[in-house]
Amino acid sequence: MTSSPTAAARTEGEAAPTVPTQVESGTAQRPGLAREMVAILDFGSQYSELIARRIRETRVYSEVLSYQTPIAEIRHLAPKGIILSGGPNSVYEAYAPQCDPALWELGIPILGVCYGMQLMVQQLGGVVGRAERAEYGKASLFINDPTDLFTNVEDGTTMWMSHADSVLRMPEGFELLAHTENTPCAAIAHHSRHLYGVQFHPEVVHSRGGMALLRNFVYHICGCEPEWTTAAFIEEAIREVRARVGDKRVLLALSGGVDSSTLAFLLHRAIGDNLTCMFIDQGFMRKNEPERLVKLFKEQFHIPVAYVDATERFIVRLEGVSDPEQKRKIIGDEFIRVFESESLRLGPFDYLAQGTLYPDIIESAGENIDPKTGERVAVKIKSHHNVGGLPENLRFKLVEPLKRLFKDEVRQVGRALGLPEEIVQRQPFPGPGLAIRVLGELTKDKVDILREADFILRQEVNRSGRYNDYWQSFAVLLPVKTVGVMGDRRTYAYALALRFVTSEDGMTADWARVPYDLLEQIANRIVNEVPGINRVVLDITSKPPGTIEWE
Ligand code: XMP
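Attention in this report is confined to the structure presented alongside it. These numbers come from a predicted model, not from an experiment. (Residues numbered from 1 in each chain as written. Predicted model: local features only at pLDDT ≥ 70, side-chain atom pairs only at ≥ 80, totals over all residues. Heavy atoms only, no water.)

1. Concerning the overall build of the chain
Along its length, the chain carries 14 helices and 21 strands. When the 551 residues of the chain are sorted by exposure, 59% land in the buried category. Excluding contacts between residues fewer than 6 apart, the proportion of contacts in the chain whose partners are at least 24 apart in sequence is 75%. Carbon and sulfur atoms form 49% of the exposed surface of the chain, whose accessible area is close to 23200 Å². (Helix = DSSP H or I, 4+ residues; strand = E, 2+ residues; numbered from the N terminus. Buried < 20%, exposed > 50% of the residue type's maximum accessible area, 1.4 Å probe, protein only. Contact = heavy atoms within 4.5 Å. Areas by Shrake-Rupley, 256 points an atom, 1.4 Å probe, with all protein chains shown as cover.)

Structural data, given as structure tokens:
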């Protein structure tokens with residue numbers, strides 16, 4: 001994910017900058033080759049995005065829209081199917097989010113999930129109320145009607161439940177499709193109106209028959225074709241970029257992460273030498289990475305990269321700074337300055353390419369309604385911030401060809417374009433780099449110590465074959481010196497923390513259960529080989545309450 005280098009930017013992903021632009025609208029238009037799409041109406045569920053990803057796994061294009069999207073716009077988008085997401089509210093609360101009842105009359109197949117199903121039931125004259133027994137977690141689903149939505153779904157399959165409300169009476173014309181021990185109406189349908197509802201969450205990984213059910217919905221009930229493929233996306237994106245950019249010049253700030261690298265490949269294929277890739281080295285990259293990146297791009301991919309050595313400028317401003325926010329702010333400001341002067345030197349450019357991804361532009365998701373006041377409460381912290389402050393004359397037009405993709409789709413596109421696995425599978429690395437992993441007062445020496453320790457950690461993790469098991473694996477240099485003994489000598493040196501986490505998207509994370517042998521090997525080597533460190537400790541905090549990075 002592209003993220004900003006500014007003070008406040010604690011976003012997942014990599015280090016490419018985000019710069020103010022003449023933002024263009026047009027989220028409603030869909031990629032040309034995806035003629036068909038399934039719309040997800042989001043009622044505030046944490047799973048709305050996941051539903052869209054699952055639908056796309058069936059090779060059908062899908063987008064998340066706010067539940068408030070006007071019916072005229074939905075008609076205009078002409079989705080082949082609509083899925084109503086779950087949500088944190090109860091449908092019978094005063095301010096529960098509603099949908100326009102005209103939705104039921106569109107003639108488009110609709111699948112309501114959890115809250116979505118309950119809303120359908122309530123608006124069509126059925127009854128929803130407190131369940132006799134709330135159901136959370138896995139439940140066995142018993143199928144009453146094995147046709148249609150449940151074709152090829154095994155009777156007794158596991159589905160994942162999370163509800164305190166239930167359908168107490170179905171609306172007229174609806175039939176029962178499935179039940180569980182605690183939930184009599186676990187799936188219902190009005191066949192002739194193509195309206196379906198499920199109380200469970202077919203999108204989550206614990207729902208064993210979930211994908212089969214979603215496939216039935218998109219293929220058999222909505223009549224979609226599996227046309228959303230990587231190859232089709234690439235072809236269309238290249239065509240669109242060419243049409244938009246023409247023979248104008250495009251600037252791309254490369255970070256070495258999967259998003260900006262994929263973007264570079266795609267744009268280079270589309271516009272060749274009219275693309276200029278710029279890599280700003282702020283001095284906080286991992287050992288050997290800047291050299292490796294530039295060499296890979298130049299020699300192997302034949303995509304020229306303008307390498308900007310800004311290491312001196314950054315460290316001069318950061319020496320002695322210890323406040324985390326201050327560090328980020330200085331790095332952000334300095335980045336903009338370097339970016340500004342270098343883009344003028346290399347330019348002029350008409351367009352700036354950005355690796356914005358789909359989760360960055362979903363606006364509707366994550367809004368929650370307070371049932372008492374009816375006010376909307378943000379439950380998802382926006383992970384994308386723009387940097388203010390670039391002078392007027394540097395306002396670029398944007399090219400964002402990845403903005404409809406999820407991260408896993410970007411990886412597929414990168415792979416299909418020939419990006420090597422070492423970049424496709426690269427763990428996220430924060431924009432400010434090692435600077436926010438040297439805790440307390442920053443000095444060049446400390447950054448160098450950390451860089452060596454980080455290098456050993458990476459070597460050992462790679463050697464163990466476990467690199468891809470972790471969302472991130474890294475080291476943090478602590479501002480604490482402790483006493484040790486080496487040979488007959490007393491030492492007094494820094495302590496280093498190891499951080500290994502697993503995560504789906506960086507929003508939440510768990511500490512990884514790393515094998516002791518691997519930890520031992522890393523700790524031994526670091527203490528023996530890195531002067532300045534004499535103790536290694538392990539961070540076993542999940543997120544929340546911790547964060548992944550320490551600063
Ligand atoms: P936290 O520490 O907030 O991190 O749990 C979540 C994810 O975001 C990454 N991160 C950053 N990425 N610029 C970035 O590009 C930043 O300033 C930044 N801070 C944190 C972090 O590595 C993790 O993947």
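2. Things to note about the sheet that holds strand E2 (residues 37-42)
Spatially, 9 strands are ordered E3-E2-E4-E5-E10-E9-E8-E6-E7 in an open sheet, and the strand pairing comes out mixed. Two strands in the sheet have a free side with no partner beyond their single neighbour: strand E3 (61-66) and strand E7 (157-169). Across this sheet, the average inter-strand angle for adjacent strands is 25°, counted without regard to direction. Two elements, strand E6 (residues 127-143) and E7, share 11 bridges in a ladder whose sense is antiparallel. (Pairing = 2+ DSSP bridges. Axes fitted to C-alpha atoms, helices over the stretch in contact; angles between N-to-C directions.)

3. Brief notes about the packing of helix H5 (residues 230-245) against helix H11 (residues 407-416)
Where H5 meets H11, the axes come as close as 10 Å, and the angle between the chain directions of the two elements is 80°. With respect to each other, H5 and H11 are oriented roughly perpendicular. On the side of H5, the interface is formed by Thr230, Phe233 and Ile234, while H11 contributes Gln412, Val413 and Ala416. Residue classes in the contact of H5 with H11 are distributed as 4 nonpolar, 2 polar and no charged. (Parallel < 35°, antiparallel > 145°, perpendicular 65-115°, else oblique. Nonpolar A, V, L, I, M, F, W, Y, C, P; charged D, E, K, R; others polar.)

4. Details of the environment of Ala178
Relative to the helices and strands, Ala178 resides in strand E8 (residues 175-179). Residue class for Ala178 comes out buried when judged on its relative accessible area of 0%. Note: C-alpha distance between Ala178 and Asp155 (23 residues apart in sequence) is 9.2 Å. Among all residues touching Ala178, those that are not within four sequence positions of it are Leu141, Phe142, Ile143, Asn144, Phe150, Pro184, Cys185, Ala186 and Ala187.

5. Describing the nonpolar core
Counting residues in each nonpolar core, the largest one holds 121 residues, and the members touching the most others are Leu103, Phe284, Phe297 and Phe500. If you tally residues by element for this core, the top one is helix H6 (residues 258-271), at 8 residues. Every residue in contact with Phe297, bar those within four places of it in the chain, is listed here: Leu254, Ser261, Ala264, Phe265, His302, Ile303, Val305 and Ile423. Judged by nonpolar contacts, the second largest core, of 40 residues, contains Cys114, Met161, Ala178 and Phe217. (Core = buried A, V, L, I, M, F, W, Y, C linked by side-chain atoms within 4.5 Å.)

Interpretation note: all reported values are geometric properties and have no functional meaning in isolation.
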